[in-house]
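Residues per chain are reported as follows:
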Amino acid sequence: MSVLEKIDYPKDLKNLNRKELKSLASELRQFIIESVSKTGGHLSSNLGVVELTLALHYVYDAPKDKFIWDVGHQTYAHKILTGRKKEMHTLRKKGGISGFPRRIESIYDDFGTGHSSTSISAALGMAESLKKKRSKNKAIAIIGDGAMTAGMAFEGLNHAGSTQNNLLVILNDNDMSISNNVGALNNYLAKLLSGKLYGGLKKSGKAVFAKVPPVLELARKTEEHVKGMVIPGTLFEEFGFNYLGPIDGHDLDVLIDTLGNIKKLEGPQFLHIATKKGYGYKPAQNDPNKFHGVSKFDTKNGIANNLAEPRTYTKVFSDWILDEASKDHKLCAITPAMSDGSGLNEFSKKYPKRFYDVGIAEQHALTFAAGLSLSGHKPVVAIYSTFLQRAYDQLIHDIAIQNIPMLFAIDRAGIVGADGATHSGNFDISFIRCIPNLILMAPSNAADCYQMLSFGYNYNGICAVRYPRGISHNQDLNKTTEPIKFGRAKKIRNGNSIAILAFGTIVNTCIEVAEDINATLVDMRFVKPIDKKMIKEICLDHNFIVTVEENVVSGGGGSAVLEALSEMQLSCKTLAIGIPDKFFEHGSQKEVLKECGLDKNTIKNKIVKQHKGC
Ligand SMILES: Cc1ncc(C[n+]2csc(CCOP(=O)(O)OP(=O)(O)O)c2C)c(N)n1
């Protein structure tokens, strides 16, 4: 019987000896590789924290001690050790377990994550509460060097360092975000881990951090003395933390001994560990970026390079920006740590001086773009819908109020599938269209997407194009479509008394619906400004207007149509179809769309049912 077979919960770990724990680490790693090869998921980050997860659950007492995993994409070992081993084959599937920590999924998931850099704040809140209850338990934030680049992480550190809370921040430093990590903090961390310094500490680490006397003052003095000779006081000490490390995050003995000692210390502690993304699985270790998030793969051969992939909307953007950049040297591209996912890899290689990966810093990305724009550059901010949420004030205060021209290429708008509720782009139409000075377009196919990006780029104002995850419709970029005209919709077919006004790629589902029920169909193209002329014309010729969109119904494109009708004092029976007012969990994009009622049959049935009453 393997060690892993005997382990279901953290309590099962407590009596294992070191040899058994080490075997367990290898078994866990193998289990994760095999499991993810069948389900897909985040592989590299999970392989990097196997030893850390084991050591944490061995030393601490979850769920009394609180573990907050930043981003939460690295929690597979944690899930396996906390009662979900048998559910791993359902990971990220509809009805299965989530790829992120979720409070309703397990009492061991103390805080739901998905967006990065929240862990220190949440853990500090819990540490504060533990202190008020006079509890000896600890709150632990486990945060990567990528997530550490965000402002919110520093807001948390800034607050925590001035308290005497029993908070432990573990910096899991693998020198990678999804792609290479960037920025001055990254350079600083690299220095801490570099060459001789880390080499020396790696040896002395066992002595310094594992065997340090567990009395706070003595520990501090010993630390300071030893560190004073090697490291000139770290940034984290200046923030009020007791900084320990760096230590080797794959050395289970050192991890267990160090954590065992830290557990006895009071006040804010900071442990810096060095790990390798993809550790223990060669293909992932050699190319951690490729294995960051994977579909099913063959464990022997890794992931095949599929060059003949159909064109995604991301690729449409990627092609467009390369074309436009070759014509206009003022164009520059900004990404908050999503170069690969946003389709900017080729651009970054071809135009390195016009490419800015600013780290996980959405707020900064937008205001930085504003500065560039005011100085004569033409910024294109490539950002996922879900991450734009984090920069909402910058969108209003720094960009819209001052009407600073730039283009937003908003990827992953609408349902994203397996990443679930934390990553869904369900709200951008609603939260963008209420901001003055903003233009918002939603293409229904590849050629329109390309043209809208050109239109938005060349428009002297703030434009956003929102497009979904996945394969584009009518792949051909040159396929002639009606050119994009400011604020104008495009009629696709004429029908009888029902008119469907659709926004974005859901137009393609509506084509089938409209044909089945002989309805008029309009591709609205612009959410803002909305085509009032078309709405008036439709209202006069039809007795039932249906709006359809892949965005929440509240405040979405349907609301824009209703507002236009009311402004023009027109009335007509209407039905707004979109994402209902709740959060939808993971599943395939198709499954989640169906659950939202955005599949062909549900849309058709709703329309037919409501039309009967007309
Ligand atoms: C606010 C926000 N922006 C972007 C992302 C996308 N994202 C997910 S993981 C990741 C990199 C995280 O790097 P790090 O914290 O070092 O963890 P690692 O994957 O290296 O273990 C990014 C940018 C996110 N989850 N949240």
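Parameters and conventions
- Residues numbered from 1 in each chain as written.
- Predicted model: local features only at pLDDT ≥ 70, side-chain atom pairs only at ≥ 80, totals over all residues.
- Heavy atoms only, no water.
- Near = heavy atom within 4 Å.
- Polar contact = N/O pair within 3.5 Å; in protein donor to acceptor, adjacent residues only side chain to side chain.
- Areas by Shrake-Rupley, 256 points an atom, 1.4 Å probe, with all protein chains shown as cover.
- Nonpolar A, V, L, I, M, F, W, Y, C, P; charged D, E, K, R; others polar.
- Domains from an automatic or database assignment.
- Pairing = 2+ DSSP bridges.
- Helix = DSSP H or I, 4+ residues; strand = E, 2+ residues; numbered from the N terminus.
- Axes fitted to C-alpha atoms, helices over the stretch in contact; angles between N-to-C directions.
- Salt bridge = Lys/Arg side-chain N within 4 Å of Asp/Glu carboxyl O.
- Buried < 20%, exposed > 50% of the residue type's maximum accessible area, 1.4 Å probe, protein only.
- Contact = heavy atoms within 4.5 Å.
- Buried area = accessible area lost by both parts, 1.4 Å probe.
- Expected span 1.5 Å × (residues − 1).
- Arc of directions from axis to C-beta.

### Let's talk about the site of the ligand
Link 1 in the chain: Around the ligand, the surrounding shell holds 22 residues, and the nearest of these are His73, Gly146, Met176, Lys277 and Glu362.
Link 2 in the chain: Here Gly146 contributes a backbone N or O atom positioned 2.7 Å from an oxygen atom of the ligand.
Link 3 in the chain: In the complex, 97% of the free accessible area of the ligand, which totals 590 Å², lies under the protein chains.
Link 4 in the chain: Per-class residue counts for the shell around the ligand are 8 nonpolar, 10 polar and 4 charged.
Link 5 in the chain: If you count residues domain by domain, the shell around the ligand takes at least three from each of domain 1 (4–286) and domain 2 (313–466).

### Thoughts on the sheet that holds strand E3 (residues 167–173)
Link 1 in the chain: Here we have 5 strands laid out as an open sheet, ordered E1-E2-E3-E5-E4, and parallel in their pairing. Since the sheet does not close on itself, it has two edges, and those belong to strand E1 (66–69) and strand E4 (242–248), each with one partner. Neighbour-to-neighbour, the strand axes of this sheet turn through a mean angle of 20 degrees, independent of strand direction.
Link 2 in the chain: Direction of pairing for E3 relative to strand E5 (residues 269–274): parallel, over a ladder of 6 bridges. When the bridges of E5 are listed, Leu168 appears paired with Gln269.

### Considerations on the pattern of salt bridges
Link 1 in the chain: Taken as a whole and assessed by the stated rule, the structure comprises 28 salt bridges.
Link 2 in the chain: The residue Lys11 makes a salt bridge to Asp12 at a minimum N-O spacing of 3.1 Å.
Link 3 in the chain: On the basis of relative accessibility, which here comes to 60%, the residue Lys11 falls in the exposed class.
Link 4 in the chain: On the basis of relative accessibility, which here comes to 23%, the residue Asp12 falls in the partly exposed class.
Link 5 in the chain: The partner of Glu105 in a salt bridge is Arg84, and the shortest N-O contact between them spans 2.8 Å. With Glu105 in the loop between helix H4 (76–84) and helix H5 (119–132) and Arg84 in helix H4, the pair connects residues that are 21 residues apart, well separated along the chain.
Link 6 in the chain: The network of salt bridges with common partners includes Arg18, Lys22, Asp253 and Asp257.

### Section: the domain arrangement of the protein
Think of interface size as the accessible area that goes away when the parts come together; that is how it is often given.
Link 1 in the chain: Each assigned domain of the protein is listed with its residue range as follows: domain 1 (4–286), domain 2 (313–466) and domain 3 (490–611).
Link 2 in the chain: The centre of domain 1, based on its C-alpha atoms, is set 33 Å off from the matching centre of domain 2.
Link 3 in the chain: Opposite the 19 residues of domain 1 that make contact, domain 2 presents 16 residues.
Link 4 in the chain: Summing the contributions of domain 1 and of domain 2, the shared interface buries around 1300 Å²; its carbon and sulfur component is 52%.
Link 5 in the chain: In terms of surface lost to domain 2, no three residues of domain 1 exceed Arg92, His115 and Val182, which account for 40% of the buried area on that side.
Link 6 in the chain: At the junction of domain 1 with domain 2, the criterion picks out 1 salt bridge.

### Quick word on the sheet that holds strand E14 (residues 520–523)
Link 1 in the chain: A sheet is described by the order of its strands in space; here 5 strands give the open sequence E12-E14-E13-E16-E17, paired in mixed fashion. For this open sheet the edge positions go to strand E12 (490–493) and strand E17 (573–579), each flanked by a neighbour on one side alone. On average, each strand axis in the sheet is inclined to that of its neighbour by 25 degrees, with strand direction left out of account.
Link 2 in the chain: In the sheet, strand E13 (residues 498–503) pairs with strand E16 (residues 544–552) via 6 bridges, with the strands oriented parallel. Directly across from Leu501, in E16, lies its bridge partner Thr547.
Link 3 in the chain: Its contacts with the sheet put helix H20 (residues 507–517) on E12, E13, E14 and E16, and the angle it makes with E13 is roughly 170 degrees.
Link 4 in the chain: Of the strands in this sheet, E13, E16 and E17 are in contact with helix H24 (residues 600–612), which crosses E17 at around 160 degrees.

### Quick look at helix H15 (residues 362–374)
Link 1 in the chain: Taking 1.5 Å per residue as the helical rise, H15 with its 13 residues ought to reach 18 Å, and the 19 Å between its terminal C-alpha atoms agrees with that figure.
Link 2 in the chain: Residues of H15 that are buried include every one of Glu362, Ala365, Leu366, Ala369, Ala370, Leu372 and Ser373, and no others. Down the axis, H15 shows its buried residues gathered within 165 degrees of arc, on one side only.
Link 3 in the chain: Turning to H15, the residues buried within the fold contact strand E6 (331–335), strand E7 (355–357), strand E8 (378–384), helix H16 (385–388), helix H17 (392–400) and strand E9 (406–411).
Link 4 in the chain: Where H15 ends, the next residue or the one after it, Gly376, has phi of about 100 degrees, a positive value.

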